[in-house]
Amino acid sequence: MIEHHQGYTAIKRQGRNSFRPIGKHPFKIIYNAQAVKYDLIQQFEVSTGNILPSGVKSNLCTQLVPNLGKELAVMKLQIKENKK
């Protein structure tokens, strides 16, 4: 599950032992890696315009994140070559 938040992420030292927030910046709270992987796969589907079968999605979700990125990059290149 990925939640979007708007909150204080930057702080500034004020005095000797205190800090104060200096700006609000958007950030995400990630509760599990599965949600991140699924989000990457959805972004891939939107960018290529192709919908992957559920078996392929579940197979990709079991891979490590660096391998998942490489796989999606290779698939995107192959899709571009096939469209030409």
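This text goes with the structure placed above it.
What you are looking at is a predicted structure, and each value in this text was computed from that prediction instead of being measured.

Asker: Can you help me understand the overall build of the protein in this one?
Answerer: Broken down by element type, the protein carries three helices and two strands. Counted from the first residue to the last, the protein has its helices and strands arranged as β-β-α-α-α. Out of the 84 residues belonging to the protein, those deemed buried represent 19%. By sequence separation, contacts in the protein at least 24 residues apart represent 41% of the contacts at least 6 residues apart. For the protein, the computed accessible surface area is about 6600 Å², with 56% contributed by carbon and sulfur atoms.

Asker: Hey, could you run me through the pattern of salt bridges in this one?
Answerer: Pairs can form between side chains of opposite charge once their charged atoms are near each other. Scanning the model with the defined rule gives one salt bridge in all. With a closest N to O distance of 3.3 Å, Lys-57 and Glu-45 form a salt bridge. In this pair, Lys-57 sits in helix α2 (residues 54-61) while Glu-45 sits in helix α1 (residues 33-48), placing the two residues twelve residues apart along the sequence. The class for Lys-57 is buried, based on a relative accessible area of 16%.

Asker: Could you clarify how one ought to interpret the environment of Thr-62 in this entry?
Answerer: Inspection of the secondary structure assignment puts Thr-62 in the loop between α2 and α3 (65-83). Thr-62 sits 28 residues away from Gln-34 along the chain, and the two C-alpha atoms are 8.2 Å apart.

Asker: What should I look at first to understand the nonpolar core in this one?
Answerer: Judged by nonpolar contacts, Ile-41, Phe-44, Leu-52, Leu-60, Cys-61, Leu-68, Leu-72, Met-75 and Ile-79 together constitute the single largest core of nine residues. Among the secondary structure elements, those contributing two or more residues to this core are α1, α2 and α3. Per element, the largest residue contribution to this core is four residues, and it comes from α3. For Phe-44, the residues in contact, after removing those within four places along its chain, are Leu-52, Leu-72, Met-75, Lys-76 and Ile-79.

Asker: Just checking my understanding: could you explain the environment of Leu-77 for this structure?
Answerer: With respect to the secondary-structure elements, Leu-77 resides in helix α3. For Leu-77, a relative accessible area of 53% translates into the label exposed. Separated by 29 residues in sequence, Leu-77 and Thr-48 have C-alpha atoms that sit 10.0 Å apart.

Asker: Explain the packing of α1 against α3 here, please?
Answerer: Angle between the axes and distance between the axes: these two values describe a pair of packed helices. Between α1 and α3, whose axes approach to 11 Å, the crossing angle comes to 10 degrees. It follows from the interaxial angle that α1 and α3 lie roughly parallel. Of α3, the residues touching α1 (which contributes Lys-37, Leu-40, Ile-41, Phe-44, Ser-47 and Thr-48) are Val-65, Leu-68, Leu-72, Met-75, Lys-76, Ile-79 and Lys-83. Each residue belonging to the contact of α1 with α3 can be placed in one class, and the counts come to eight nonpolar, two polar and three charged.

Rules behind the numbers
Residues numbered from 1 in each chain as written. Predicted model: local features only at pLDDT ≥ 70, side-chain atom pairs only at ≥ 80, totals over all residues. Heavy atoms only, no water. Helix = DSSP H or I, 4+ residues; strand = E, 2+ residues; numbered from the N terminus. Buried < 20%, exposed > 50% of the residue type's maximum accessible area, 1.4 Å probe, protein only. Contact = heavy atoms within 4.5 Å. Areas by Shrake-Rupley, 256 points an atom, 1.4 Å probe, with all protein chains shown as cover. Salt bridge = Lys/Arg side-chain N within 4 Å of Asp/Glu carboxyl O. Core = buried A, V, L, I, M, F, W, Y, C linked by side-chain atoms within 4.5 Å. Axes fitted to C-alpha atoms, helices over the stretch in contact; angles between N-to-C directions. Parallel < 35°, antiparallel > 145°, perpendicular 65-115°, else oblique. Nonpolar A, V, L, I, M, F, W, Y, C, P; charged D, E, K, R; others polar.

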